[in-house]
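Residue strings, one per chain:
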Amino acid sequence: MKLSRSEPHSLTQLDNARSVIGNIVAVTIIVSVSLSVISFSVRPSVEVALIAVCCCVSVAICAFPMLKMERHALASPFAFLTLVVFISMPGRLAVLALYPDFYAGVWYLHGRELKGFLPGAILALSGVLALFAGYSFFSIKLPLAKIFRLQHDEISADRMRLVALLGLTISVFGFIALLRNSVGLNFELGSKVQGGSIDESPGFGPLRTLIQFGSAAFYVFVAFLFGLKRPSILDFAIFATGIITLFCMAFVQSNRDGVVTIFLVVGAIYFCIKGRLPIKAMTVALLVGAVAFSSMSLLRQGENRTQKNASLEGISAVGVSAISVFGSFNLGGFVANTWAVETVPERTDFKYGKTLAYALIFPVPRQVWKGKPPPTGFVWLGIFQGPAAL
C-alpha cells in the first residue's frame, strides 16, 4: 500500500515557523536573565554578577543560530545545545544560589563560595564563542530538510508501520531482559530502580542498545505519520502505543529526563513537518511529563531521606524538582569547568582530547572485554571531587 505525503510548506507556514522560533528564543533568554538576576540578588557580589553575565551570553549565543533555521530549528544541534547550556549555566547558578545547603549544593560547592566558579564560567563562555565562530566561519549547513522530508513521492505505509512495531517489540524485550538480569521484575521506583541505576549497571550495554533501537524506530515512524494527509486509525494506534511504551519504560527506570524527552522530540518532529506547534497537545504532554518528573524526584527524595541527605528536609516539591533538573553534575557547565581549572595539571595531566576516544570503545560489552576502562565521566568525577563523590 502506498500513501502520498503532504505538499511542501507554504510561505505562511514558514512565517509561522519563524514566529514560533523567535518566541522560543526570546522566552529562553528572558528566563535565563531572570534566573541570573535572582541568583545575584540572593548572593550579591561582583563575581556572581560576572558569572550571571557569562551564563546569559552563552545561552544567547547558542540560541541565535536557530533564528535562521526556520522550521528545522528545533531539530538542530543548536536546539539541544541551547537546552544543555540553559540547564547547566543559568539554571544551575540559580539552584546553587537558592539552595546552598542541600546535598548536591554542598557536593558542588565543596567548601567554596558560589563566586569561586567564575573561572569555569569564563571558560564555558569561551567554548561557546569558539563553537559559534567556527559555525559562522565555515557556514555549515545541516541537511535537516532532507532528514525530515524524505526525497520520495511515495513511501510504503505498511513498511513504516512494520518498522515501528518491530522496533518497539525489540525495545520491550530488551527492557524486560534488562530488568531480569539486573534487579529482577521489581517496580518499586524508590528502591532498587531509583536513580536509573538499572540501566547503568556494568555489562548491560547490548540491552541498552536494544531499548534505544525502539525509540529510534518509533521516531522515524512519527516523522512519517505527521507527513501524511490522511493518517489511518492504525497509524494513530501505533503512535499511542509507542508513546505509552516509551513513557512506561522510562518511568520504571526512573529516567526523568527520558520521560520529558519523549514529548520534546515528538513536538520537535511535528514542528519540522508542519511548521507549527500543537499548543494544546504540547501543553497537556508537558504537564504529564512534569507530573511524572516530579513524582520520580519525590520518590528519590524519599529514598535519600532514609540515608544521609537530611538537608533535603523542608524543601518543597518544586524545590526538589528544580534541584533534580539543574543540580546534578551532568552536562558540564561552569561547575565542571571550574573543577578542571583547579585540578589540571596539579592533580592530573592534560589529556589533549584522549578522553574523546572512549566513545569508540563504549559499544563494546563488558562481557566481551572484562578489563574495559570505566566511563570517562566517573574517572573525572573521582579526580575532581575525590573517591567519596563516587
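Below: a short report on this structure.

**Observations regarding the overall build of the chain**
What the chain contains, in helices and strands, is 15 helices and 2 strands. Here the chain holds 390 residues, and 43% of them are scored as buried. Within the chain, contacts between residues at least 6 apart in sequence are counted, and of these 75% link residues at least 24 apart. Accessible area of the chain: about 20300 Å², with a carbon and sulfur share of 68%.

**Structural notes on the packing of helix 5 (residues 118-138) against helix 13 (residues 333-343)**
Where helix 5 meets helix 13, the axes come as close as 7 Å, and the angle between the chain directions of the two elements is 110 degrees. Between helix 5 and helix 13, the angle falls in the class roughly perpendicular. Residues P119, G120, A121, L123 and A124 of helix 5 touch helix 13, and the partners they reach there are F334, N337, T338 and V341. A class-by-class count of the residues in the contact of helix 5 with helix 13 yields 6 nonpolar, 3 polar and no charged.

**Section: the packing of helix 3 (residues 77-98) against helix 13**
Relative to each other, helix 3 and helix 13 sit at 85 degrees, their axes nearing to 7 Å. With respect to their mutual orientation, helix 3 and helix 13 come out roughly perpendicular. Residues S88, M89, R92, L93 and L96 of helix 3 touch helix 13, and the partners they reach there are G333, F334 and V335. Grouping the constituent residues of the contact of helix 3 with helix 13 by class yields 5 nonpolar, 2 polar and 1 charged.

**Overview of the pattern of salt bridges**
When the charged atoms of two side chains lie near each other, side chains of opposite charge can form a pair. For the structure on display, the rule yields 3 salt bridges. Here E113 ties to K115 by a salt bridge, and the two come within 3.6 Å at their closest N and O atoms. For K115, a relative accessible area of 35% puts it in the partly exposed group. Here D158 makes a salt bridge to R161, at a shortest N to O gap of 3.1 Å. Here R161 and D158 lie together in helix 7 (residues 157-182), a separation of 3 residues that amounts to about one turn. For R161, a relative accessible area of 8% gives the class buried. Each member of the salt-bridge network shares a partner with another, and the members are D158, R161 and D235.

**Structural notes on helix 2 (residues 46-63)**
Each α-helix turn comprises 3.6 residues. Residues three or four places apart therefore point the same way. Over its 18 residues, helix 2 runs 26 Å from end to end, which matches the ideal 26 Å to within 8%, given 1.5 Å per residue. Taken together, the buried positions of helix 2 are occupied by V48, I51, A52, C54, C55, C56, S58, V59, I61, C62 and A63.

**What to know about the packing of aromatic side chains**
Where two aromatic rings form a pair, the distance of their centres and the angle of their planes describe that pair. Applying the stated criterion across every chain, the model contains 11 aromatic pairs. Plain terms: the ring middles of F86 and F326 are 6.1 Å apart, the flat faces sit at 75 degrees to each other, and that makes the pair edge-to-face. Taken together, the residues F86 in helix 3 and F326 in helix 12 (residues 317-326) connect sequence positions 240 residues apart. Side by side, F86 and F326 carry an identical accessibility label, which is buried. Centre to centre, the rings of F350 and Y352 are 6.0 Å apart; their planes meet at 40 degrees, and the pair counts as tilted.

**As for the side chain of T338**
Inspection of the secondary structure puts T338 in helix 13. T338 gets classed as buried once you look at its relative accessible area, which sits at 0%. Within the local environment of T338, its side chain forms a polar contact with the backbone oxygen of F117, the two atoms lying 3.3 Å apart. Among the polar contacts listed, one links the side chain of T338 to the backbone oxygen of F334, at a separation of 2.7 Å. Not counting residues up to four positions away in its chain, the partners in contact with T338 are R112, G116, F117, P119 and G120.

**Brief notes about the environment of K372**
The residue K372 is located in the loop between helix 14 (358-361) and helix 15 (376-385) in this model. Taking the C-alpha atoms as reference points, K372 and I361, 11 residues apart in sequence, are found 8.2 Å from one another.

What counts, and where the lines are drawn
Residues numbered from 1 in each chain as written. Predicted model: local features only at pLDDT ≥ 70, side-chain atom pairs only at ≥ 80, totals over all residues. Heavy atoms only, no water. Helix = DSSP H or I, 4+ residues; strand = E, 2+ residues; numbered from the N terminus. Buried < 20%, exposed > 50% of the residue type's maximum accessible area, 1.4 Å probe, protein only. Contact = heavy atoms within 4.5 Å. Areas by Shrake-Rupley, 256 points an atom, 1.4 Å probe, with all protein chains shown as cover. Axes fitted to C-alpha atoms, helices over the stretch in contact; angles between N-to-C directions. Parallel < 35°, antiparallel > 145°, perpendicular 65-115°, else oblique. Nonpolar A, V, L, I, M, F, W, Y, C, P; charged D, E, K, R; others polar. Salt bridge = Lys/Arg side-chain N within 4 Å of Asp/Glu carboxyl O. Expected span 1.5 Å × (residues − 1). Phe/Tyr/Trp six-rings, centres within 6.5 Å; stacked < 30°, edge-to-face > 60°. Polar contact = N/O pair within 3.5 Å; in protein donor to acceptor, adjacent residues only side chain to side chain.

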